[in-house]
Every structure is written in structure tokens, then in C-alpha cells.
Amino acid sequence: MMNNVCPLVLLAAGTEAAIAEIRGGRGLRARLSGMGLCSEARVTIRSTNCGSVIVAVGDARYALSRGIAAKILVREVQEAA
Amino acid sequence: MTKTIRVALTGNPNVGKTTLFNALTGSRQHVGNWPGVTVEKKTGRVSHNGYDIEIVDLPGTYSLTAYSVDEIVARDFILKEKPDVVVQVVDATNLERNLYLTTQLAELGVPIVIALNMADAAEARGDTIDREKLSALLEIPVVRTVGTRGDGIGALLDAAIRVVKSSSHHERTVDYGSEVEAMITSLTDALAIDRSLSVQYPRRWLAVKLLEGDESVLTLVGEGPASARVQNLLSSIDAGEYEASMADKRYETIAAILLQVRSAGASEGASASDMLDRVITDRYLGIPIFLALMWGAFELTFAVGAPFATAIEVGTAWLAEFATSSIGPAWLGSLIGDGVISGVGAVLVFLPNIFILFLILALLEDSGYLARAAFIMDRPLHALGLPGKAFIPMLIGFGCNVPAIMASRSIEGERDRLISILVNPFMSCSARLPVYILFAGTFFGTRAGGVMFFLYVLGIVVAIVSAKLFRSTILKGESSPFIMEMPPYRIPTAMTSLLHMWSRGSLYLRKAGTIILLGALLVWVLASFPYGVEYGSEASLVGSIGHLVEPLVAPIGFDWKIAVALIFGFLAKEVVIGSLGVLYGTGEETLSATILADPGFSPAIALSLMVFVLLYTPCVAVVGVIKKETQSWKWTGFSVVYGLIVAWILAFVIGRLAPFFLGGA
């Protein structure tokens, strides 16, 4: 269950993950919560660009700069084999 | 007897609020496919079943904790103006996140109606949503709408009226669990002694916001009598943990509701939008694709517009000549021929180019590419001290700097926003296009497209260098990190894009009939007096003004006529051309043939002039909007003076260097 936790920024395009923790100020966390990026939310990396990423949360797509992608810690979700 | 009720439209960014607003009120407010199109509240009216309904369209917001100026506009309206009903426009394809805002609105205790918008898109992919059950679970009326087709408008208004009439409304609020709820109760008790605050806002909402660390609520409470007790309570808990668990609870509550009301269709994998994003935002391909698109856009603007422009130019020259020679008395003929037709005509010539430019901008906005451009440019811009989001106002600035400066409101950091405002005038707006086309077309022939591209790039470079300069001197600090929603790509329909083009292009036409006409008439009057002087000669009033200013611009190589044109160009940049049209406006030659024959011009001087027009003091309208958005005469004055200095220096330097790289031109 508890897989290794790593920052979002390290994941490759196409990876699915669940958010474990957001290491940021309250402002950033509240902002991300409003967008649906809070703990346990399922995200999929859609594309990466030098550390900046586009993630999918449900049907929404968000672009996040590297600084933010580094603060979001995720657990990789293995597809049921 | 008609009753008036006030309805506020709120919701997440880019869910179609303005489209719905236009459908409700018959307005034609600007819509686009990117988050943050609406940055100011817009009001419209509609009568329905004997009610006079005022509808206020608010900027989009993800939550009631505001981070940027446009979100503050939305939040303050709901909190302070207390509309009779809040209609939350909800994107039916993204219910989880949209309902998060609903949970916050419900805590605020305002009467709510949900417009389940883009319902057709949700249905098309196989989602079915049980609206009645959703309505029952939330205790909020839910109406199905499709803003683009105007579906559900009547039902939405009916529901809004019903909610107002019923006066008692219950919305279900989230249960945050025993520990948090106990703290909320303690906080609401503590807040009871702050009477004035308790009258204005529900105490439970204040307590929740305090736990979430909402800055403005903390300040509100901090100023009141409950401050000490509240501080005491808040310091006893781990605020971060509370806040995180509250967000989780909200989403849990929403998920529990959705489980009962929605059966989702398939489509969860990578969509066509995602495939496109792989390419368009690729680390290597992204920037080349962007530059290629820009290059194509300018080629198109210039090449496709050119034949139309030439036709209009020949036509107006003929008309001016005809008016001057056949309308009597002679002064009236001169007024109409030299003043009105030559002045306004010189500007109208470029109408085809302007319309093409606006069409291209409309396509960028409607397709969803604009948000990607901001993402691609985030890294390079961040290194230079600007957030990537600032790139959207920059691109809009190619159309007009006024809405572009307004669009800076969606930038979160105050310094970031200020820098974005200050550098925006360097983005070459459509009013400057006529100046380039005339001079580049006249003096650079086949290389005109390249010269124009150089000017646009120069504007961007000056903007970026200035941003870096401001960031490292007067506005120090880190630029805020980039978070932006990427809207789905949409193929723009011909109809909407043409409508966008028309609504902006017609403003240009109106400008030609007002401020440009005024400028032309002013120059004509000054060129004709004192009575008896040769029209437009150095002895006329305009000649005196020109000679007064000439020493300032003579080092660059500008004569008094150019000086006059630049002074009046402050009204609007097209007036630079209009004034020259009036000053040179005799004879049957076209304006470009006349200036080509004037020894006062050369390719180098033409290039300096274009550079100067690109960079110098923005027009009156832009100065006005800078004052409004910065709330400071100091920054407004700074912007004007800085622009003048930069324009002078670069026009001088580029004019000196021109002979070397123009070579045998």
C-alpha cells in the first residue's frame, strides 16, 4: 500500500499517481485544494517540459511550474496487473 | 408592479459564465477559451415573469479565498453587495472541483441556484447526472443549461425567482468531523461578542475561514473585540492539519453525493487534447512552434491585407482630390479633402490588415492555444522575472493594450501584476500597425514583412528587458509560481471567431470616426491658421509647434512634420499617420508616394520613426487604464517618461546603425 513517496516533478509522462502531501504554505495549499489538487487526489502526468508539468485531475488539466511540481509529493499508482 | 432582483453569476474560471450571461441578457460580452477572460464585473438586465432581473457576471474563481485582483472582485461582490441569488455556473464535465466552490458558497448562507452548464458535453461522452437527486442532496435547485445554445435560460430564471420568493433556503453544509466541528463551535462562540461582524457574515463561515487561514477574514476578526479569544483558540491547534482535513472532508462529501447521482461514461484515458499537448508544449518543439505561428500570423496580416489596403488607399486619394477641387468654398473643400478624407482615410486604409490581425487573435483565444503559450513561455519568462501568466496580457496587447492591461488582474502577485502593466505598452498594438505598414511598405518593399516582424520582436525584447530591469531594481522579489488551468482545445467556429473579429474591429472603425477624426481636424485647423498662410507650411500654427519640438527629436533625424505627427499621436497612435495624411494631404498622389518623394525621409529615418512609434508614450486611453489599474499617478507618470526615454534612445541608435545593415537597400 505505502509505496515510495516522491515529488511530482520526477514522474514521467503517462504516470498515474495519488497526491500524498503538499509541502507549501497555507496559501498554496488552499489554492490547489480549490482546483482539486489535495491529498488522495488522483493525478495523471500528461506532459513534461523541463520539470514543468501538465497534470490531469479528472477532466481538468493544469500546468504547474517546476517549483510547484516539486512541492507536491505523490505515490505512484500501479495499474492492477 | 415589477420587482427588481439581483442575480450574481459565479463559478470556476472558463466554465461558460459569460456565454450564459450573453444568452441571458442578449449582451455581447467578450468570451474566450482560457481562464481569466472576465476580470471585471459586467451587468446586464432581463425581464422575466414580471420581474426586472439585474444579472452581474463575475470573474471566475476556484474558491472564496481570493488570490488575485479578479478573484477579489468576485468574492467582494458576493460578500459585500449581497445579491439576492447567486447562480453558480457549474461545468457538468468536472463536477468534483466545481462543487467544491458550492460547498463554500453554501457556508456563506447565500441563496444559490446551480446552472449545470455544458450539460451537452457531459451527455455526449455518456455521463448521466440525476439532477433531481443532486438538487435534493445539496438542497439547492439544479437547472440544466447549455450556454452556447441558450438551453435552459427560462428555467434558470424561474428557479432564481423561486429561490428569492421562498425567502427561507437551506443548503447542506459539509460536516468536518467531530474534532474540527468542536473547534468551529468554540470559534463561533468566541465570535459572538463581535456584533458588527456577526450581523454581516454567518459566524460558521467566519470560523471555517479562520481555520483555513484566510488572510482577509483574519484581518477582519483581528480588528474586532473577539480578536484575543480567537487568537488563543487558533494557537492551540495545528492549523495546517485542520485545513488539510477540511479540504479532504469537502471532497469526501462531494464524492459521496456524486456516487449517488452520476454514472460516468467511459473516456478517462488520454484525449486528443492531451496528444496535442504532448507536441505543442514539448520542451524542444514548443517554442519553435510558437514562433512559427507568430511568423505566419504576421505574414498573413501583411500579405493578405495588402491588396485591399492598396485599393482603399487609391480610392481615398482620389476622393480627397475630388473633394478639394470640387467642393466650394475653397476652405470647406480643403477641410473635407485635406482634413477629413486624407486624415481619416490614411488610417482606414489599414482596416483590412487590422481585421485580419483581430481574426488571428480571436482564433488564438478560442482554440485554447493562448493558455499553452503562457505555459511554454513560463520558464524563459520566469528567469527574467515575469510569471508565465504575464504572457497572456502580452499577446492580447498585440490587439490593444487597454484590455491587455486589464487582463493583468489575473496575475496573483502584486509586483508581478505591476511589472506586467508597466511593460505592456511595449507590446505592439494594432494601432501601430498602420504606421509600420505605411513606412515599411513604402521604404522596404519586399522586405517589409521582415521589418515588421523585427518591430514586433523589438517590442517583446524591450518589454522583457524592462521587466528584468524593474525586477532587479525598483520591484525586487521572486515572481510567483505558475499554476494555470489548460482549457480543452476547441476548433473555433467560423461564426464566433468572425464575431470576435468584428466586435474588436468595429471599435477601430468607431475610433476612426471619433478620436482620429478629431486629431485630423485639429491638425487641419492648426495647419490652416493664422489666416492667409500657405496650408501646412512652416508659417502655420502647426509649423510653429513642430519647430518648437523639432530640436528635441532632430538628433534622431526627425523634421518638424514628424514632430507634429508624434505629438498628436498621443491621442491615438494611428493619428501619427492621420496627421501626416493631413499635413501632406494635397495633390492626387497617395500618402506613400508623397513621403517617398519627400527628402525629409529616408529608409533609416523611416525605421527610426517606426521604432519611436512602437516604444514611446502610450496613447491617452492606455495612460488612463494604467492610472486606473495601478491607482497611482507615480507609476502612471513613470510609465510615460520611461517610454519616451527608451523610444528616444533606441530610435537614435537604430537610425545610426541602419545604414550598415540596410546596405544597398
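As the structure is a computational prediction, the values presented were derived from the model and not from experiment. (Residues numbered from 1 in each chain as written. Chains lettered and ligands numbered in written order. Predicted model: local features only at pLDDT ≥ 70, side-chain atom pairs only at ≥ 80, totals over all residues.)

## With respect to the overall build of chain B
Working step 1: Of regular secondary structure, chain B possesses 31 helices and nine strands.
Working step 2: On C-alpha atoms alone, chain B measures out to a radius of gyration of 29 Å, which is about the 26 Å that the 2.2 N^0.38 rule sets for 665 residues.
Working step 3: Scored against the burial criterion, the 665 residues of chain B give a buried share of 51%.
Working step 4: Partitioning the intrachain contacts of chain B with sequence separation of at least 6 by distance along the chain shows that 73% fall at a separation of at least 24. (Helix = DSSP H or I, 4+ residues; strand = E, 2+ residues; numbered from the N terminus. Rg over C-alpha atoms; globule rule 2.2 N^0.38 Å. Buried ≥ 20, exposed ≤ 12 C-beta atoms within 10 Å, placed from the backbone. Contact = placed C-beta atoms within 7 Å.)

## Some details on the overall build of chain A
Working step 1: Counting its secondary structure elements, chain A contains two helices and six strands.
Working step 2: Counted from the first residue to the last, chain A has its helices and strands arranged as β-β-α-β-β-β-α-β.
Working step 3: Against the compact-globule benchmark of 12 Å for 81 residues, chain A has a radius of gyration of 12 Å, which places it among compact chains.
Working step 4: The principal-axis extents of the C-alpha atoms in chain A amount to approximately 40 × 25 × 20 Å.
Working step 5: Counting every position in chain A, which comprises 81 residues, the buried fraction comes to 54%.
Working step 6: Within chain A, contacts between residues separated by at least 24 positions form 56% of all contacts whose residues are at least 6 apart in sequence.

## Comments concerning the packing of helix α26 (residues 560-568) of chain B against helix α27 (residues 574-583) of chain B
For any two helices packed against each other, the geometry comes down to the angle between their axes and how far apart the axes lie.
Residue and element names in this part refer to chain B.
Working step 1: In the contact formed by α26 and α27, the axes pass within 7 Å of each other and the chain directions differ by 140°. One finds that α26 runs oblique with respect to α27. The hand of the α26/α27 crossing is right-handed. Contacts from Lys561, Val564, Ala565, Leu566 and Phe568 in α26 reach Val575, Val576, Ser579, Leu580 and Leu583 in α27.
Working step 2: A breakdown of the residues in the contact of α26 with α27 according to their chemical character gives eight nonpolar, one polar and one charged. (Axes fitted to C-alpha atoms, helices over the stretch in contact; angles between N-to-C directions. Parallel < 35°, antiparallel > 145°, perpendicular 65-115°, else oblique. Left-handed = near helix turned anticlockwise from the far one by under 90°. Nonpolar A, V, L, I, M, F, W, Y, C, P; charged D, E, K, R; others polar.)

## Considerations on the interface of chain B and chain A
Working step 1: Listed per partner, the contact involves 34 residues of chain B and 27 residues of chain A.
Working step 2: Mapped onto the side of chain B that touches chain A, the elements with two or more residues apiece are α3 (95-108), α12 (239-261), α13 (272-280), α17 (369-383) and β9 (483-486) of chain B.
Working step 3: Residues belonging to the side of chain B that touches chain A are distributed by class as follows: twelve nonpolar, nine polar and 13 charged.
Working step 4: Bridging between strand β5 (residues 60-64) of chain A and β9(B) involves four bridges; their strand directions are antiparallel. By the bridge assignment for β9(B), Leu64(A) is matched with Ile483(B). (Pairing = 2+ DSSP bridges.)

## Some details on the pairing of strand β2 (residues 16-22) of chain A
Residue and element names in this part refer to chain A.
Working step 1: The sheet contact formed by β2 and strand β3 (residues 42-49) spans three bridges and is antiparallel. Residue pairing in the sheet places Glu16 in a bridge with Thr44 of β3.
Working step 2: Both β2 and strand β6 (residues 72-76) contribute to a ladder of five bridges, which runs antiparallel. Looking at β6, one finds that Ile22 is bridged to Ile72.

## Observations regarding the packing of helix α5 (residues 131-138) of chain B against α12(B)
All names here are of chain B.
Working step 1: Direction vectors running N to C along α5 and α12 enclose 150°, while the axes themselves pass 9 Å from each other. Classified by the angle between their axes, α5 and α12 sit roughly antiparallel to one another. Considering the relative orientation of α5 and α12, their crossing is right-handed. Contacts from Lys133, Leu134, Leu137 and Leu138 in α5 reach Ile257, Gln260 and Val261 in α12.
Working step 2: Taken together, the residues that form the contact of α5 with α12 break down as five nonpolar, one polar and one charged.

## Side note on the domain arrangement of chain B
Residue and element names in this part refer to chain B.
Working step 1: Taken as a whole, chain B is organised into domain 1 (3-166), domain 2 (178-263) and domain 3 (287-480 + 496-662).
Working step 2: For domain 1 versus domain 3, the distance between C-alpha centres works out to 39 Å.
Working step 3: Contacts between the two partners involve eleven residues from domain 1 and, on the opposite side, 14 residues from domain 3.
Working step 4: For the side of domain 1 that touches domain 3, the per-class residue count stands at four nonpolar, four polar and three charged. (Domains from an automatic or database assignment.)

## Quick word on helix α7 (residues 178-191) of chain B
Residue and element names in this part refer to chain B.
Working step 1: A rise of 1.5 Å per residue sets the reference length of α7, with its 14 residues, at 20 Å; its end C-alpha atoms lie 20 Å apart and thus fit the reference within 8%.
Working step 2: Listed as buried for α7 are Val180, Ile184, Leu187, Ala190 and Leu191. Projected down its long axis, α7 carries its buried residues within an arc of 125°, all on one side. Opposite the buried face of α7, at more than 90 degrees from it, the exposed residues are Ser178 and Ala182.
Working step 3: Elements that come into contact with the buried residues of α7 comprise α8 (195-200), α9 (203-211), α11 (227-235) and α12. (Expected span 1.5 Å × (residues − 1). Arc of directions from axis to C-beta.)

## Thoughts on the pairing of strand β4 (residues 52-57) of chain A
It is a general feature of regular strands that their side chains alternate between the two faces of the sheet.
Residue and element names in this part refer to chain A.
Working step 1: Burial within β4 is extensive, with six of its six residues counted as buried.
Working step 2: In terms of strand pairing, β3 meets β4 through five bridges, oriented antiparallel. Note that in β4 the partner of Ile45 across the bridge is Val55.
Working step 3: Counting the residues between successive antiparallel strands, the hairpin from β3 to β4 contains two residues, one of them, Cys50, with a positive phi of roughly 50°.
Working step 4: Pairing geometry for β4 and β5, over five bridges, is antiparallel.

## Observations concerning unusual backbone geometry
Residue and element names in this part refer to chain B.
Working step 1: With phi around 55°, Met118 is a residue other than glycine that occupies positive phi space.
Working step 2: By the secondary structure assignment, Met118 is in the loop between β5 (112-117) and α4 (119-124).
Working step 3: The backbone of Gln631 shows a phi angle near 55°, a positive value even though the residue is not glycine.
Working step 4: Considering the arrangement of structural elements, one finds Gln631 in the loop between α30 (620-630) and α31 (633-662).

## Remarks on the nonpolar core
Note that soluble globular proteins tend to have their nonpolar side chains buried in a common cluster.
Working step 1: Of all hydrophobic cores here, the largest spans 232 residues; its most connected members are Tyr62(A), Val87(B), Val113(B), Ala160(B) and Met610(B).
Working step 2: Considering each element in turn, this core owes the most residues, eleven residues, to helix α29 (residues 603-615) of chain B.
Working step 3: Setting aside its immediate chain neighbours within four residues, Val87(B) contacts Val7(B), Ala8(B), Leu9(B), Val113(B), Ala115(B), Leu156(B) and Ala160(B). (Core = buried A, V, L, I, M, F, W, Y, C linked by C-beta atoms within 7 Å.)

## Digging into the sheet that holds strand β1 (residues 5-7) of chain A
Pairing between the strands of a sheet comes from backbone hydrogen bonds, and it takes one of two forms, parallel or antiparallel.
Working step 1: In space, the seven strands of this open sheet follow the order β1(A)-β6(A)-β2(A)-β3(A)-β4(A)-β5(A)-β9(B), with antiparallel pairing throughout. Unpaired on one side and paired on the other, β1 of chain A together with β9 of chain B mark the two borders of the sheet. Put simply, the sheet's adjacent strands are angled 40° from each other on average, direction ignored.

## Topic: the sheet that holds strand β3 (residues 51-57) of chain B
Residue and element names in this part refer to chain B.
Working step 1: Read from one edge to the other, the open sheet built from six strands follows the order β2-β3-β1-β4-β5-β7, with strand pairing classed as mixed. Only two strands of the sheet have a single neighbouring strand rather than two, namely β2 (42-48) and β7 (142-144). Between one strand and the next, the sheet's axes are offset by a mean angle of 25°, whatever the strand orientation.

## Here's the deal with α27(B)
All names here are of chain B.
Working step 1: A large share of α27 lies buried, amounting to ten of its ten residues.
Working step 2: Those residues of α27 lying buried are Glu574, Val575, Val576, Ile577, Gly578, Ser579, Leu580, Gly581, Val582 and Leu583.
Working step 3: The secondary structure elements touched by the buried residues of α27 are α15 (330-348), α21 (433-444), α24 (515-528), α26, α28 (591-597) and α29.

## As for the environment of Phe601(B)
Residue and element names in this part refer to chain B.
Working step 1: Tracing the chain through its elements places Phe601 in the loop between α28 and α29.
Working step 2: Through-space distance from the C-alpha of Phe601 to that of Gly368 is 43 Å; in sequence the pair is 233 residues apart.
Working step 3: Sequence-distant contacts of Phe601, defined by excluding residues within four places in its chain, comprise Ile595 and Ala606.

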